[in-house]
Amino acid sequence: MATAAAGALGLLWGWLWSERFWLPQNVSWADLEGPGDGYGYHGPGNILSVFPLAAGVFSVRLLFERFIAKPCALHVGIQDSGPYQAQPNAILEKVFISITKYPDDKRLEGLSKQLDWDIRKIQCWFRHRRNQDKPPTLTKFCESIVNIYLTSTPCPSRWRFTFYLCIFCYGIRFLWSSPWLWDTRQCWHSYPYQPLTSGLYYYYIMELAFYWSLMFSQFTDIKRKDFLIMFVHHLATIGLITFSYINNMVRVGTLIMCLHDASDFLLEAAKLANYAKYQRLCDTLFVIFSAVFVVTRLGIYPFWILNTTLFESWEMIGPYPSWWFFNGLLLILQVLHVIWSYLIVRIAFKALIRGKVSKDDRSDVESSSEEDDVTTSTKSPCDNSSSNGANQVNGHMGGSYWAEE
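Residues numbered from 1 in each chain as written. Predicted model: local features only at pLDDT ≥ 70, side-chain atom pairs only at ≥ 80, totals over all residues. Heavy atoms only, no water.

Undergrad: Before we move on, can you summarise the packing of aromatic side chains with the specific residues and values?
TA: The tally for this structure, following the rule as stated, stands at 25 aromatic pairs. On the basis of an interplanar angle of 75 degrees and a centroid distance of 6.4 Å, the ring pair of F21 and F243 is categorised as edge-to-face. Here F21, found in helix α2 (residues 19-22), pairs with F243, found in helix α11 (residues 227-246); they are 222 residues apart in sequence, far enough to count as distant. F243 sits in the buried class, given a relative accessible area of 17%. If you follow K121 out to its NZ or CZ, it ends over the ring of W117, 4.3 Å from the centre. (Phe/Tyr/Trp six-rings, centres within 6.5 Å; stacked < 30°, edge-to-face > 60°. Helix = DSSP H or I, 4+ residues; strand = E, 2+ residues; numbered from the N terminus. Buried < 20%, exposed > 50% of the residue type's maximum accessible area, 1.4 Å probe, protein only. Lys NZ or Arg CZ within 6 Å of the ring centre and 35° of its normal.)

Okay, here's the thing in structure tokens:
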């Protein structure tokens with residue numbers, strides 16, 4: 001029995017790392033194990049080292065949020081207070097929990113007669129009750145400053161901003177001296193016999209660890225309406241980074257990562273300005289972000305990145321199974337770019353009409369003002385998540401992305 005199980009696992013492992021799928025024709029894993037500049041080729045098994053690193057990144061975020069981000073938020077005047085608490089009422093609470101969070105007109109009229117409350121007061125109660133479960137501005141501010149979407153513990157906006165800015169600067173510094181930045185055909189020259197230098201390895205493994213942390217923390221962070229889109233985005237991002245690492249397409253991979261990081265830190269900076277109530281700065285940063293996002297995702301990405309992965313690589317190395325899969329993921333990412341760009345352009349159009357950045361369509365937080373007659377969304381597109389109008393607005397969106405907004 002044990003022998004049969006071991007044999008089955010062996011077959012599964014062999015199928016998983018099939019050379020016919022991962023590598024071009026007449027190339028084996030053994031061919032890539034020779035010495036090379038820097039680290040040489042690490043092999044597919046070394047990708048597993050990303051998981052403890054992702055856990056480390058996750059831990060760093062928690063420490064950053066608690067000891068750096070939250071004090072900074074309080075310093076700029078963001079209060080550590082939650083939304084207005086709804087007045088305790090057993091009847092309304094039972095309706096809210098067991099029946100509906102959004103009562104229709106007929107139910108509102110019935111509750112009004114039962115409680116001897118006017119309908120407006122009942123609407124306000126349900127609005128306040130829904131907002132009780134929403135995070136305060138302090139939490140959202142913190143959720144943007146370092147980027148690693150995680151829990152509702154103090155401070156993801158600064159975390160994301162810090163990470164995106166640092167990794168983008170590192171990527172530019174690394175790629176500036178790399179020949180494939182100036183000539184994308186160099187991505188396929190002598191492929192797959194391309195050495196994996198230490199600088200390239202660190203760049204790759206940090207990006208992958210970061211997006212694994214995003215994948216897990218998405219389930220504990222503030223929930224957004226674009227949750228599913230971001231989940232697909234993170235899957236595509238992790239798939240792209242992992243697959244390009246395993247089959248040694250790391251040169252074009254660095255171009256894709258740096259291109260997506262270019263707009264993410266701008267979105268997070270706009271969110272921080274919004275939380276700190278610097279509206280003019282928020283609007284300016286959002287306009288800059290929108291321009292950079294559209295140019296990089298709808299201009300440079302399809303005409304520079306997809307051109308080299310689809311056409312130049314076909315000409316120089318020819319297609320093989322993982323080549324098709326890799327380009328399929330890149331095309332999925334382009335579809336997400338189009339969706340997010342539409343959301344961003346729509347928000348920008350509203351901003352031109354209203355004179356300021358409009359509310360984020362992804363937001364679930366409603367106005368708690370006593371004067372509002374109807375439930376409305378209050379979060380700005382500069383708000384966290386990503387993403388987040390596209391995270392999201394964040395590319396992230398959000399970048400991200402191969403990423404990620």
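Undergrad: Report on the pattern of salt bridges, specifying residues and quantitative values.
TA: This model, assessed by the stated rule, comprises 3 salt bridges. For R185, the salt bridge identified is with E315, shortest N-O distance 3.2 Å. Remark: E315 occurs in helix α13 (residues 279-316) and R185 occurs in the loop between α9 (179-182) and α10 (198-217); sequence separation between them is 130 residues. R185 gets classed as partly exposed once you look at its relative accessible area, which sits at 31%. Its salt-bridge partner being R297, residue D264 comes within 3.5 Å of it at the nearest N-O pair. One end of the pair, D264, is in helix α12 (residues 250-275); the other, R297, is in helix α13, and 33 residues separate them in sequence. This pair shows no difference in class: D264 is buried, exactly as R297 is. (Salt bridge = Lys/Arg side-chain N within 4 Å of Asp/Glu carboxyl O.)

Undergrad: Now, about helix α5 (residues 105-115): what can you tell me, with residues and values included?
TA: Each full turn of the α-helix corresponds to 3.6 residues, which orients residues three or four apart in the same direction. Restricting attention to buried positions, one finds in α5 the residues L108, L111, S112 and L115. When α5 is viewed along its axis, its buried side chains cluster within an angular range of 105 degrees and face the same direction. Opposite the buried face of α5, at more than 90 degrees from it, the exposed residues are K106, K113 and Q114. If you follow the buried residues of α5, they end up packed against α4 (90-98) and α6 (119-132). Count one or two residues on from α5 and you reach D116, which has phi positive near 60 degrees. (Arc of directions from axis to C-beta. Contact = heavy atoms within 4.5 Å.)

Undergrad: How would you sum up the side chain of S322? Please name residues and give values.
TA: Checked against the element boundaries, S322 lands in helix α14 (residues 321-354). Residue classification places S322 among the buried positions, given a relative accessible area of 0%. When residues no more than four places from it in sequence are discounted, the contact partners of S322 are F21, W22 and N247.

Undergrad: Give a description of unusual backbone geometry that names residues and reports values.
TA: Excluding glycine, residues mostly carry a negative phi; peptide bonds, for their part, are mostly trans. Across the junction of Y191 and P192, the peptide omega takes the value 5 degrees, indicating a cis bond. In this fold, P192 is placed in the loop between α9 and α10. Even without being glycine, N26 reaches a positive phi, approximately 70 degrees. Counting through the fold element by element, N26 comes out in the loop between α2 and α3 (50-75). A relative accessible area of 73% places N26 in the exposed class. Residue N248 is not a glycine yet carries a positive backbone phi of 65 degrees. On the basis of relative accessibility, which here comes to 1%, the residue N248 falls in the buried class.

Undergrad: How would you summarise the nonpolar core if you had to cite specific residues and measurements?
TA: Side chains that are nonpolar tend, in soluble globular proteins, to be buried together. One finds Y245, M249 and Y301 to be the most contacted residues of the largest nonpolar core, which totals 68 residues. Elements that contribute at least two residues to this core include exactly α3, α8 (156-176), α10, α11, α12, α13 and α14. Residues in contact with Y301, not counting those within four places in the same chain, are I256, L259, H260, T296, L306, L330, L333, Q334 and H337. (Core = buried A, V, L, I, M, F, W, Y, C linked by side-chain atoms within 4.5 Å.)

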